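Chain and residue survey
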Amino acid sequence: MNLGDCSSGNSDFSVRGRVLRDVSSNGAEHSARVPDVRVKLNSSFAASRVSEIFSSFHGEKKELLEGIGFGGLMRIPPQDRFNRKFALWLLCNLDCSTLCLKSPGIGKLKIHDSDIHLILGLPKSCKQVLYPGITSQKDVQQVNNIVTMRDGQKLSLEYLEKLIVQPYPNKMTERERQAFQVACVLYADAFFLSPHGTPAKINIEIFRSLLQPERIREYNWSGYVLQCLKEAARRIQAALKKPIKAVILGGCLLALQIFYLDNLELGPFKSRCVRVPRVVDFTSEKLKMMITADCVHIGGKATDQFGCCKLRSASEVIYARGKAKKGNGILCIEGINAEGLQWVALVALWTIRSKFDGPDRSLQYPVKQ
């Protein structure tokens, strides 16, 4: 069994000669080599857990999740295995000052809020989720009331899971609707959007953004996910400069992997970038094939050295590097050929509609024939 690919729990592997890029105060880059030690990878990231529960929602539950802009989480494919070695490599090569991924193959690849929005379908609105934020005891009490906690009860992930999976045979009351929405956000955050420790725990620092459930969609949750990835990378890079035996992988690791792989020229393994949120195209088997294609191969076997492939043409992707520009009152998108104009227009329509109707209102993209 390859423990480095487990989707939950711990895994061990040797980090040998890996290079971390560090940026000094004057902006110059220098390399810091990771000690040649055996490192245990800990993480509470569990995409499979969120996928299994959220993909089962239908009817009123589906409507409620779409209503707060989190409908894309219902479309995460089953993730039975997760490559932690690859996740560690990406976190090590994310420049925290510029939010650029760096590798010999791609040079620099900047990730934006809008890219997370396209991958997960989360809201990308004006209000910032304050993270790390200051949460008062009053905020805690108010959130406890929203999720219908009784006096003396302790809010836990087990309680939240029970709340969101339980059947509602009759039409939900307004209080039940709000409790369900807030519970979904907290549960998804702990296991998928921003896991930041092990075991998984509820992040009380986002409570202030949940005090008015009807306004959850007004926050920039895409930006929040990106900020948490930045913090996770910063912690990993700092930890690996010291003699250590274990590290904790945090952040939405699946979103980071999808962004990197979806931008690579992987030949027959590359995705066609025609469906959003992009997560719908990335099964665990497809991720495995794409990651293997980006590895150094020795004697016909893939190694744990990543970063071999080049960037695919900007005309083939729908991310921010597609460089949409306005000129003379006409929207011009560099590198887009006539064949791609239809789905580019649909991406723009989906982005606009998501600000008002939610990111997942059954707007499907045609697959290019």
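Right, let's walk through the structure included here. Just so you know, these numbers come straight off a predicted model, no measurement behind them. (Residues numbered from 1 in each chain as written. Predicted model: local features only at pLDDT ≥ 70, side-chain atom pairs only at ≥ 80, totals over all residues. Heavy atoms only, no water.)

Digging into the overall build of the protein chain
Our working definition: Segments assigned H or I by DSSP are reported as helices when at least four residues long, segments assigned E as strands when at least two residues long, and all are numbered from the N terminus. Burial classes: relative accessible area under 20% of the type maximum marks a residue as buried, over 50% as exposed, and values in between as partly exposed (1.4 Å probe, protein chains only). Residue contacts are defined here by distance: any two heavy atoms, one from each residue, within 4.5 Å place the two residues in contact. All accessibility values rest on the Shrake-Rupley procedure with a 1.4 Å probe; residue burial counts only the protein chains present in the view.
When its secondary structure is counted, the protein chain shows eleven helices and twelve strands. When each of the 369 residues of the protein chain is scored for burial, the buried share is 53%. Taking as baseline every contact in the protein chain between residues at least 6 positions apart, the subset at least 24 positions apart corresponds to 74%. Of the roughly 17,100 Å² of accessible surface on the protein chain, 53% is carried by carbon and sulfur atoms.

Thoughts on the nonpolar core
Among soluble globular proteins, nonpolar side chains are generally buried collectively. So the rule is basically this: What makes a nonpolar core is a set of buried Ala, Val, Leu, Ile, Met, Phe, Trp, Tyr and Cys residues whose side-chain atoms join them at distances within 4.5 Å.
One finds Phe54, Phe192 and Trp221 to be the most contacted residues of the largest nonpolar core, which totals 109 residues. With 13 residues, the single largest contributor to this core is helix 7 (residues 174-193). Contacts of Phe192, omitting those with residues within four sequence positions, involve Phe45, Ala47, Val50, Leu73, Ile76, Leu120, Gly251, Cys252 and Leu254.

Here's the deal with helix 3 (residues 84-92)
Heads up, the rule is: Think of a polar contact as two N or O atoms within 3.5 Å of one another; within protein, one of them needs to be a possible hydrogen donor and the other a possible acceptor, and neighboring residues in sequence only count if both atoms come from side chains.
Burial analysis of helix 3 places nine of its nine residues in the buried class, the great majority of the element. The N-capping residue of helix 3, defined by a side-chain oxygen 3.1 Å from the backbone nitrogen of Lys85, is Asn83.

As for unusual backbone geometry
Each neighbour pair has its own omega, and for Thr198 with Pro199 the value is 0°, a cis peptide bond. Relative to the helices and strands, Pro199 resides in the loop between helix 7 and helix 8 (221-239). A cis amide bond links Val276 to the next residue, Pro277, at an omega of -5°. Non-glycine residue Leu99 carries a positive phi angle of around 55°. As for its placement among the helices and strands, Leu99 is situated in the loop between strand 5 (94-95) and strand 6 (100-103). In this structure, Cys273 is a non-glycine residue whose phi angle is positive, near 55°. Structurally, Cys273 can be placed in the loop between helix 9 (253-262) and helix 10 (284-293). Owing to a relative accessible area of 1%, Cys273 belongs among the buried residues under this scheme.

Comments concerning the pattern of salt bridges
Test applied: Salt bridges, as used here, are contacts in which a Lys or Arg side-chain nitrogen is within 4 Å of a carboxyl oxygen on Asp or Glu.
Within this structure, the stated rule accounts for 18 salt bridges. The closest approach of N and O atoms between Lys171 and Glu60, which form a salt bridge, is 4.0 Å. Residue Lys171 is located in the loop between helix 6 (157-165) and helix 7, and its partner Glu60 is located in helix 2 (residues 59-67); the two are separated by 111 residues in the primary sequence. The exposed category is assigned to Lys171, whose relative accessible area is 68%. Each of the salt bridges in this network shares a partner with another, and the network as a whole consists of Asp262, Glu265, Lys270, Arg275, Arg278, Asp281, Arg312 and Glu316.

Digging into the pairing of strand 10 (residues 301-306)
Definition in use: Any two strands between which DSSP finds at least two bridges are classified as paired.
As paired elements, strand 9 (residues 295-298) and strand 10 share three bridges and run antiparallel to each other. Bridge pairing links His297 to Ala302 in strand 10. Here strand 9 folds back onto strand 10 in antiparallel fashion, the turn holding two residues, of which Gly299 has a positive phi close to 60°.

Re the sheet that holds strand 6
Sheet strands line up and pair through hydrogen bonds in the backbone, either parallel or antiparallel. So the rule is basically this: Only the stretch in contact is used when a helix axis is fitted, and all axes are lines through C-alpha atoms; the angle between N-to-C directions ranges over 0 to 180 degrees.
Overall, antiparallel pairing links the three strands, which are arranged 5-6-7 in an open sheet. Two strands bound the open sheet, and with one partner strand each, they are strand 5 and strand 7 (107-110). Summarising the sheet, strand 6 and strand 7 pair through four bridges and their orientation is antiparallel. Among the inter-strand pairings, Lys102 is bridged to a residue of strand 7, identified as Lys108. Here helix 9 sits on the sheet and contacts strand 6 and strand 7; the angle it forms with strand 6, its principal contact strand, is near 60°.

Description of the packing of helix 6 against helix 7
For clarity, the threshold we go by: An angle counts as roughly parallel when it lies under 35 degrees, as roughly antiparallel when it exceeds 145, as roughly perpendicular when it falls between 65 and 115, and as oblique in every other case. For a crossing to be left-handed, the near helix must be turned anticlockwise from the far one by less than a right angle; the clockwise case is right-handed. Gly is placed with the polar residues, together with every amino acid not listed as nonpolar (Ala, Val, Leu, Ile, Met, Phe, Trp, Tyr, Cys and Pro) or charged (Asp, Glu, Lys and Arg).
At a minimum axis distance of 9 Å, the contact between helix 6 and helix 7 shows a crossing angle of 130°. Judged by the angle between their axes, helix 6 and helix 7 are oblique. In the packing of helix 6 onto helix 7, the handedness of the crossing is left-handed. Contacts between helix 6 and helix 7 involve Leu157, Leu160, Glu161, Leu163 and Ile164 from the first element and Ala179, Phe180, Ala183, Cys184, Leu186, Tyr187, Ala190 and Phe191 from the second. Residues that form the contact of helix 6 with helix 7 fall into these classes: twelve nonpolar, no polar and one charged.

A short note on the packing of aromatic side chains
This is how the line gets drawn: Aromatic pairs are defined between Phe, Tyr and Trp rings, using the six-membered ring for Trp, whenever the two ring centres lie within 6.5 Å; interplanar angles under 30 degrees are classed as stacked, those over 60 as edge-to-face, and all others as tilted. The criterion for a charge sitting over a ring is simple: Lys NZ or Arg CZ within 6 Å of the ring centre, and within 35 degrees of the ring normal.
Here the structure, examined in full by the defined rule, presents 14 aromatic pairs. An angle of 70° between the planes, with centres 5.7 Å apart, marks the rings of Phe70 and Trp221 as edge-to-face. Of this pair, Phe70 sits in the loop between helix 2 and helix 3 while Trp221 is found in helix 8, placing the two residues 151 residues apart along the sequence. With respect to class, Phe70 is no different from Trp221; both count as buried. Among the aromatic residues, ring-to-ring pairing joins Phe70, Tyr219, Trp221 and Tyr224 into one connected group. Positioned over the ring face of Phe282 is Lys286, at 5.5 Å from the centre of the ring.

A few points about the state of the cysteines
To keep things clear, this is the line we draw: Note on disulfides: each one is a pair of cysteine sulfur atoms within 2.5 Å.
The tally for this structure, following the rule as stated, stands at zero disulfides. Unpaired in this structure, Cys252 has its nearest cysteine sulfur neighbour in Cys228, at a distance of 9.5 Å. Of the cysteine sulfurs around Cys309, a residue in no disulfide, the closest is that of Cys308, at 6.4 Å. The class of Cys309 is buried, set by a relative accessible area of 13%.

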